[in-house]
Amino acid sequence: SGFDLIVSENSNSIRQDECIDLEYNEYGNYLGVIFYQGGTPNNILFSTSTDGSSWSSLQTVVSTAELPGEKIYLDFADESSLVAVAYYNNFNSQFEIATSSNRASWSTSTIVDLSSFGNTRPIGMKISGGSGSEIIHAMYISDDGIGGSVKMDITYTTSSNFGSTWSTTTIASELNDTAGE
């Protein structure tokens, strides 16, 4: 449903190790693309197309975000105009979300403040439900930040009010991180 693309570094354009996501909106019958543009300011930008040939003017979803090369996530509600973009903002150590119902104005909120965790990584975001009953689902991995035998948690969180509040459940905790072994 989505794809990642790592692009070369160019001055004031999409930076190396930054990502892009493309999704198809079946409700609105259009493609949507988001990408991170580094520079001054750092922006997450959004564009749409009904034919893949002509694209709308770029819309700024978020300014002053700093993405450390983590994936950004784009999703559309199945039966409404809700669009959501989730990303890890390195500037303030938060997993954040931006939502829009008109693709022009965006509201942002924090999914979780990750500054108290060691290493943390968002791993997904999707929308379910119809008009008026949309639920945003997100997941992230966090660790205890202690060297050596690091213990990882996988956390699932949902919002039924466009990201204003979140209900969180730990799926698995204190898993061994064997990366690099």
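In short, a report on the structure. (Residues numbered from 1 in each chain as written. Predicted model: local features only at pLDDT ≥ 70, side-chain atom pairs only at ≥ 80, totals over all residues. Heavy atoms only, no water.)

Quick word on the environment of Ser 47
And then number 1: Its place among the elements puts Ser 47 in strand 3 (residues 43–49).
And then number 2: Assessed through its relative accessible area of 4%, Ser 47 is described here as buried.
And then number 3: For the pair Ser 47 and Gly 32, spaced 15 residues apart in the sequence, the C-alpha separation amounts to 5.8 Å.
And then number 4: Those residues in contact with Ser 47 that lie beyond four places of it in its chain are Leu 31, Gly 32, Val 33, Trp 55, Ser 56 and Leu 58. (Helix = DSSP H or I, 4+ residues; strand = E, 2+ residues; numbered from the N terminus. Buried < 20%, exposed > 50% of the residue type's maximum accessible area, 1.4 Å probe, protein only. Contact = heavy atoms within 4.5 Å.)

So, the nonpolar core
And then number 1: The biggest cluster of nonpolar side chains holds 17 residues, and the ones touching the most others in it are Phe 95, Ile 97, Ile 111, Met 125 and Ile 127.
And then number 2: Ranked by size, the runner-up nonpolar core spans 15 residues in total, among them Tyr 30, Ile 44, Leu 74 and Tyr 87. (Core = buried A, V, L, I, M, F, W, Y, C linked by side-chain atoms within 4.5 Å.)

Considerations on the pairing of strand 8 (residues 107–113)
And then number 1: With 6 bridges connecting them, strand 7 (residues 94–100) and strand 8 associate as antiparallel partners. Of the residues in strand 8, the one forming a bridge with Gln 94 is Asp 113. (Pairing = 2+ DSSP bridges.)

Focus: the side chain of Thr 158
And then number 1: Turning to its location among the elements, Thr 158 is positioned in strand 11 (residues 151–159).
And then number 2: Taking relative accessible area as the criterion, Thr 158 reaches 19% and is therefore assigned buried.
And then number 3: When neighbours within four sequence positions are excluded, Thr 158 is seen to be in contact with Ile 135, Ile 136, His 137, Thr 165, Trp 166 and Ser 167.

Remarks on unusual backbone geometry
Backbone geometry follows two general trends: most residues other than glycine have a negative phi, and most peptide bonds adopt the trans configuration.
And then number 1: For Arg 103, which is not a glycine, the phi torsion comes out positive at approximately 65°.
And then number 2: Mapped onto the fold, Arg 103 is located in the loop between strand 7 and strand 8.
And then number 3: Look at Arg 103 and you get partly exposed, because its relative accessible area is 32%.
And then number 4: Although it is not a glycine, Phe 162 adopts a positive phi angle of roughly 60°.
And then number 5: Following the sequence through the fold, Phe 162 ends up in the loop between strand 11 and strand 12 (167–176).

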